[in-house]
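Residues per chain are reported as follows:
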Amino acid sequence: LENLQPEIKELAKRLRYEVSVRGKQLGWSEKVARLHFSRNMRKVVTELYVRDNCHPFKATLLLWVQIPMWMCVSLALRNCSVGALGSAVQEQFSSGGALWFTDLTAPDSTWILPVSLGLVNLLVVEV
């Protein structure tokens with residue numbers, strides 16, 4: 001989107017000139033000329049978005065999917081770790097770890113898991 005801005009500005013300048021010339025020829029009022037300019041500008045910008053495959057909604061789509069997913073996963077892990085789902089799940093989490101984290105209900109004192117999870121999430125967002 002940012003790369004299209006110079007091209008959009010140039011096209012807007014040219015379109016504004018063409019609409020003003022056409023408006024003078026046909027005797028349009030300022031309001032009618034602005035209406036024609038905005039309609040044609042919308043068409044031009046839409047064609048540019050289609051040409052370069054960069055609709056603004058695509059930039060926010062990941063955000064609208066990722067936030068609810070993050071909330072659900074966070075709440076599910078919290079419910080599992082505090083025993084809200086039953087004592088059997090709590091027992092499995094307290095003895096089901098590996099490597100340096102043998103108890104999944106205890107906080108990670110080394111901060112390896114939270115930092116690595118954050119870095120992986122950043123990598124996914126950036127890629």
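This text goes with the structure placed above it.
Residues numbered from 1 in each chain as written. Predicted model: local features only at pLDDT ≥ 70, side-chain atom pairs only at ≥ 80, totals over all residues. Heavy atoms only, no water.

Enquirer: Residue-level account of the pattern of salt bridges, with values.
Expert: One pass over the full model with this rule turns up 2 salt bridges. Two residues, Glu7 and Arg51, come together in a salt bridge whose shortest N-O distance is 3.0 Å. Within this pair, whereas Glu7 is found in helix 1 (residues 5-26), its partner Arg51 is found in helix 2 (residues 30-52), the two being separated by 44 residues in sequence. Note that Arg51 is salt-bridged to Asp52, the shortest N-O span being 2.9 Å. Look at Asp52 and you get partly exposed, because its relative accessible area is 36%. Bridged by salt links that share partners, the residues Glu7, Arg51 and Asp52 form one connected network. (Salt bridge = Lys/Arg side-chain N within 4 Å of Asp/Glu carboxyl O. Helix = DSSP H or I, 4+ residues; strand = E, 2+ residues; numbered from the N terminus. Buried < 20%, exposed > 50% of the residue type's maximum accessible area, 1.4 Å probe, protein only.)

Enquirer: So what's going on with the environment of Val115? Which residues, and what values?
Expert: Within the element layout of this structure, Val115 appears in helix 5 (residues 112-126). Under the relative-accessibility criterion, Val115 is labelled partly exposed at 44%. It is 17 Å that separates the C-alpha atoms of Val115 and Ala98, two residues lying 17 residues apart in sequence.

Enquirer: Explain the nonpolar core residue by residue, including any values.
Expert: By size, the foremost hydrophobic cluster in this structure holds 12 residues: Leu4, Ile8, Ala12, Leu15, Val19, Ala33, Phe37, Met41, Val45, Leu48, Tyr49 and Cys54. Elements that contribute at least two residues to this core include exactly helix 1 and helix 2. For this core, the element with the most residues is helix 2, which contributes 6 residues. Those residues in contact with Ala12 that sit more than four places away from it in its chain are Phe37 and Met41. (Core = buried A, V, L, I, M, F, W, Y, C linked by side-chain atoms within 4.5 Å. Contact = heavy atoms within 4.5 Å.)

Honestly, it's all geometry; don't read function into it.
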